[in-house]
Amino acid sequence: MNESITRAMNRKRRFEPGEYAQIGPKYVYALQDPADQRIFYVGQGTRNRVFEHLDRAEILLQSRKRLTPKFEAIHAIWSKTKDVQLIILAGGLSDREADLVESATLDALNLSSNGELTNAIAAPHSSMVRVEDLAASAYQYVNPGRRYLKILLFPAQRRQKNKDVYERCRRSWKVAKKHRAIGTEEQASHAVAIVGGVSVGAYRITKWNRLEDDKWEFEGIPHAELEKLNWRTIIKPAMGYWQRGNYLIVEFDGAGLFRIVRGSRKRLWMSCVEQSEVTVTTQRAGFLQPDQFLIS
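The structure reproduced in this document is the subject of the present report.

Cut-offs and rules
Residues numbered from 1 in each chain as written. Predicted model: local features only at pLDDT ≥ 70, side-chain atom pairs only at ≥ 80, totals over all residues. Heavy atoms only, no water. Helix = DSSP H or I, 4+ residues; strand = E, 2+ residues; numbered from the N terminus. Buried < 20%, exposed > 50% of the residue type's maximum accessible area, 1.4 Å probe, protein only. Areas by Shrake-Rupley, 256 points an atom, 1.4 Å probe, with all protein chains shown as cover. Salt bridge = Lys/Arg side-chain N within 4 Å of Asp/Glu carboxyl O. Axes fitted to C-alpha atoms, helices over the stretch in contact; angles between N-to-C directions. Parallel < 35°, antiparallel > 145°, perpendicular 65-115°, else oblique. Contact = heavy atoms within 4.5 Å. Nonpolar A, V, L, I, M, F, W, Y, C, P; charged D, E, K, R; others polar. Pairing = 2+ DSSP bridges. Polar contact = N/O pair within 3.5 Å; in protein donor to acceptor, adjacent residues only side chain to side chain. Expected span 1.5 Å × (residues − 1).

**With respect to the overall build of the protein chain**
Next up, step 1: On a plain count of helices and strands, the protein chain comes out with 7 helices and 11 strands.
Next up, step 2: Within the span of the protein chain, comprising 296 residues, buried residues form 45% of the whole.
Next up, step 3: Carbon and sulfur atoms form 48% of the exposed surface of the protein chain, whose accessible area is close to 16,300 Å².

Shown next, in the form of structure tokens:
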């Protein structure tokens, strides 16, 4: 956005020591549009983190770079000669408390009529569960009786309410070339859509299509054998990676064991029915590449 049209607002760009003493050592904050009171970004930080978004947005006023939705929102507010409203949602938090407050706020706002947030990633430490998700325990744990070399587990985002399961999970992902190979029936890759730890859709991948920004979408045909199963045992060893909105790749040996190919640094084989790791190889584990304050 051109600076002749938009100029930086929000003159306050730092906390005074006495102000920060009220919210340190860590806090969770929100950026809000004053026109409709919609919160469009939630984050956590220390010191003057909440103001860094404004500093960066001001620099980008003279840039030709493509803006992310967060900075587009800030510039749109400034173009109306308004200040972005900065809200401290919770202060005086430990790292763990900040993770939980941030994630719970992200989950709640994305599910509400607030509208989708501009955060680039999903709630990083989400512990959200819907009542219907508790039914996962009623499903049989996944433990295939045949070998699967490559199963990609995708979170089926609920916020895409207007799309079916297939459309919600098949795009747009950064998938390495080695994981896009289409092999024989025995070597085939499969995709599984997960909601609440349960597979709500499963597909044999038949094709990969390239999208913009070097991301990909798959085409596939239904594969009922992997549907309506409880995958929580499989996801648990990579829960932190999964909760950040990433996809996993797992392999099953067909005899009760699985290992995570993408999503964990450990390549150890583990039991499908137990949480303890079961080492079945002497090879070294591989590594992957892969209360509220208003501020005027």
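**Considerations on the pattern of salt bridges**
Next up, step 1: Inspection of the entire model under this criterion finds 12 salt bridges.
Next up, step 2: Between Arg13 and Asp55 there is a salt bridge, and its shortest N-O distance comes to 2.8 Å. Of this pair, Arg13 sits in the segment before helix 1 (17-23) while Asp55 sits in helix 2 (residues 49-60), placing them 42 residues apart in sequence.
Next up, step 3: Here the salt bridges do not stand alone but share partners, grouping Glu167, Arg170, Arg171 and Glu217 into one network.

**Quick notes on the packing of helix 2 against helix 3 (residues 69-78)**
Next up, step 1: At a minimum axis distance of 10 Å, the contact between helix 2 and helix 3 shows a crossing angle of 80°. Looking at the two axes, helix 2 sits roughly perpendicular to helix 3. On the side of helix 2, the interface is formed by His53, Leu54, Arg56, Ala57, Glu58 and Leu60, while helix 3 contributes Lys70, Phe71, Ile74, His75 and Trp78.
Next up, step 2: For the contact of helix 2 with helix 3, a count of residues per class yields 6 nonpolar, 2 polar and 3 charged.

**Looking at unusual backbone geometry**
Next up, step 1: Cis peptide bonds are those with omega within 30 degrees of zero, and the linkage from Gly24 to Pro25 qualifies with 0°.
Next up, step 2: Mapping Pro25 onto the fold places it in the loop between helix 1 and strand 1 (27-32).
Next up, step 3: Ser172 follows Arg171 through a cis peptide bond whose omega is -20°.
Next up, step 4: Its identity as a non-glycine residue notwithstanding, Asn10 has a phi of 50°, on the positive side.
Next up, step 5: With respect to the element layout, Asn10 can be found in the segment before helix 1.
Next up, step 6: The class of Asn10 is buried, set by a relative accessible area of 6%.

**Here we look at the sheet that holds strand 4 (residues 148-155)**
Next up, step 1: Sheet architecture is open: 7 strands sit in the order 7-6-5-4-8-9-10, paired in mixed fashion. The two strands at the open ends of the sheet, each matched to only one other strand, are strand 7 (216-222) and strand 10 (270-271).
Next up, step 2: Looking at chain direction, strand 5 (residues 189-195) and strand 6 (residues 198-210) are connected through 6 bridges and run antiparallel. Pairing of His190 across the sheet is with Arg204, part of strand 6.

**Observations concerning the pairing of strand 2 (residues 39-45)**
Next up, step 1: Of all 7 residues in strand 2, 7 are buried, a share of seventy percent or more.
Next up, step 2: Here strand 1 folds back onto strand 2, and the loop between the two strands holds 6 residues, one of which, Gln37, carries a positive phi near 65°.

**Quick look at the environment of Trp173**
Next up, step 1: Turning to its location among the elements, Trp173 is positioned in the loop between helix 5 (165-169) and strand 5.
Next up, step 2: Since its relative accessible area comes to 12%, Trp173 is described here as buried.
Next up, step 3: Remark: the alpha-carbon pair of Trp173 and Phe218, spanning 45 residues in sequence, is separated by 9.1 Å.
Next up, step 4: A polar contact of 2.8 Å, which involves the side chain of Trp173, links it to the backbone oxygen of Cys169.

**Observations regarding helix 2**
Next up, step 1: End to end, helix 2 covers 17 Å across 12 residues, agreeing with the expected 16 Å (1.5 Å per residue, within 8%).
Next up, step 2: Looking only at helix 2, the buried set comprises Val50, Phe51, His53, Leu54, Ala57 and Leu60.

**Regarding the side chain of Thr105**
Next up, step 1: Relative to the assigned elements, Thr105 resides in helix 4 (residues 95-111).
Next up, step 2: Owing to a relative accessible area of 18%, Thr105 belongs among the buried residues under this scheme.
Next up, step 3: A polar contact is formed between the side chain of Thr105 and the backbone oxygen of Val101, at a distance of 2.8 Å.
Next up, step 4: Apart from residues no more than four positions distant in its own chain, Thr105 is found in contact with Val42 and Leu89.

**Points about the environment of Phe71**
Next up, step 1: One can find Phe71 in helix 3.
Next up, step 2: Between the alpha carbons of Phe71 and Arg56 there is a distance of 8.4 Å; along the sequence they are 15 residues apart.

**Details of the pairing of strand 9 (residues 257-262)**
Next up, step 1: With 5 of its 6 residues buried, strand 9 lies for the most part within the structure.
Next up, step 2: Alignment of strand 8 (residues 248-252) against strand 9, held across 4 bridges, turns out to be antiparallel. Of the residues in strand 9, the one forming a bridge with Val250 is Ile260.
Next up, step 3: Counting the residues between successive antiparallel strands, the hairpin from strand 8 to strand 9 contains 4 residues, one of them, Gly254, with a positive phi of roughly 80°.

Purely geometric numbers; function is a separate question.
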